[in-house]
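Each chain, written out:
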Amino acid sequence: MNRPQWMHLVAAALAVAACAGATPAAAATAPAAAADPAAAANGYLEARGAAITAADPAAVLSSWVAPGSRLADGEALLARGAARRAGQLGHAIESVICEADVLDVVEAPDSEAATVTVHAIVTTTWRARSGALDTEASGIDHTLSLQLSGESWQVVADAYTDVMRLSYLEAAGASAASVRHAGRVLERAASAVSLPREAGPMRVVPARRYTAIIKYDRPAAQAYADKYALSYNPTYVRFGADCADFASQCANAGSMPHSGAAYNIGWWYNKKSTSSPSDDTYSLSWINVTKQISFWNASRTDWATSAGALSRGDFIYYDWTGDGFWDHVAFVAGTNSAGQKIVDAHTTDLYHVYWKLGSSNTKYKYAKVRTQWVI
């Protein structure tokens, strides 16, 4: 059954002890909130964020998951990895705050099991060695499976896609096999975007009788990326694997010129002069990472040798397992207080996160967007 949006406010009030780096003792007072599956989902996700700064992540999570279960051990490992990675980057975490928005609750007929869909935004505030404060955030859709245990609900499974998982596992000391498996999972998620067989009416680019010079507007591209890093522009089609689509939208906001008149030709998006995405058409390169690279390279972008050569408005491509297939793309949003390049991205929604997302097996390509185009 569907639950109204105000359930988030009730659940957040009940589970507030688990927020912002709460101690294990504080989190242990939360089971009263678990009398409702939506409240239990909120409590679990907020405790999941708090576990990153806890001395014992498993203790923070124990109010919401079965201690010693695969879920409990796995999430505690990821929390430790997130904390260690922050330390490796010189980020002293000040706070971790989770905002969990319950989207849907479906209870089983026997009322002893439930599935809860939640969008959780985790915002981390950290201090650089220089003393400056900085903020990064990620947004993830979770599908939680819960079971009723006595008088309270317990989370037994958590399905989600997080591109940070590889780096967290590696930082936590997980086995190489575990890291490789996580990379393959991300690759499968990247290939799951639904591609229509027919693109519908195609955008026809009119012939120009003059030469136009179009300059790339980096500030406009960054403003768009920051605005929609943790949300989605409702005037565009949203895809399950949305990284290439988001990159295209950012480039479009920076006035990168469209080109092409067919689904498999060029790079373009046609909104049909309406704000509704229901009748939009687009090229395959707009939404597919490998096709985007193929069109952009040498016509819209050029390869750089390192992330240090990039600036806001450029792009980084990721091959999670190093198998030669490019799986992900992120928008370069500038530099953080520690002097490190940061990115915005979708699929896992990222805001101002350190650019090196993968593991030691991950390969990268650095795409420098051209200053202007003559068309």
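For clarity, every value in this text was computed on a predicted model and none was experimentally measured. (Residues numbered from 1 in each chain as written. Predicted model: local features only at pLDDT ≥ 70, side-chain atom pairs only at ≥ 80, totals over all residues. Heavy atoms only, no water.)

Student: Mind showing me how you'd approach unusual backbone geometry here?
Tutor: Of note in this structure, A298 is not a glycine but carries a positive phi near 75°. Of the residues examined, A298 reaches a relative accessible area of 51% and is grouped as exposed. Positioned with a positive phi, H352 is a non-glycine residue whose angle comes to about 55°. Relative to the elements of secondary structure, H352 occurs in strand β14 (residues 349-354). On the basis of relative accessibility, which here comes to 14%, the residue H352 falls in the buried class. (Buried < 20%, exposed > 50% of the residue type's maximum accessible area, 1.4 Å probe, protein only. Helix = DSSP H or I, 4+ residues; strand = E, 2+ residues; numbered from the N terminus.)

Student: Before we go on, may I ask you to explain the pattern of salt bridges in this structure?
Tutor: Between side chains of opposite charge, pairing is possible as soon as their charged atoms come close. A complete count under the given rule lists 7 salt bridges for this structure. Close ionic contact of E94 with R127 constitutes a salt bridge, the shortest N to O distance being 3.1 Å. Placement of E94 in strand β1 (residues 92-107) and of R127 in strand β2 (residues 113-127) is noted, with a sequence separation of 33 residues between them. In this structure E94 comes out as partly exposed when scored by relative accessible area, which is 45%. Owing to a relative accessible area of 31%, R127 belongs among the partly exposed residues under this scheme. Residue D314 pairs with R218 through a salt bridge whose shortest N-O separation is 2.9 Å. Of this pair, D314 sits in the loop between β10 (301-304) and β11 (315-319) while R218 is found in helix α8 (residues 218-228), placing the two residues 96 residues apart along the sequence. (Salt bridge = Lys/Arg side-chain N within 4 Å of Asp/Glu carboxyl O.)

Student: Any chance you could explain the confidence of the model for the protein chain here in plain terms?
Tutor: Caution applies to low-pLDDT regions: their predicted coordinates should not be interpreted in detail. For the protein chain, per-residue confidence averages 88 on the pLDDT scale, and 86% of positions sit at 70 or higher. Residue range residues 1-33 is modelled with pLDDT below 50. Its contacts to residues more than four positions away, or to other chains, number 56 contacts. In the model, residues 197-209 has pLDDT below 50 throughout and makes 20 contacts with residues more than four positions away in sequence or in other chains. (pLDDT = per-residue confidence, 0-100. Contact = heavy atoms within 4.5 Å.)

Student: Explain the pairing of strand β13 (residues 341-345) here, please?
Tutor: Regular strands show a simple pattern: their side chains alternate between the two faces of the sheet. Among the 5 residues that make up β13, 5 are buried, leaving the element largely enclosed by the rest of the structure. Side chains of β13 alternate between two faces, with K341, V343 and A345 and I342 and D344 buried alike. Pairing of strand β12 (residues 328-335) with β13, which is carried by 4 bridges, proceeds in the antiparallel orientation. Along β13, the bridge assignment pairs T335 with K341. (Pairing = 2+ DSSP bridges.)

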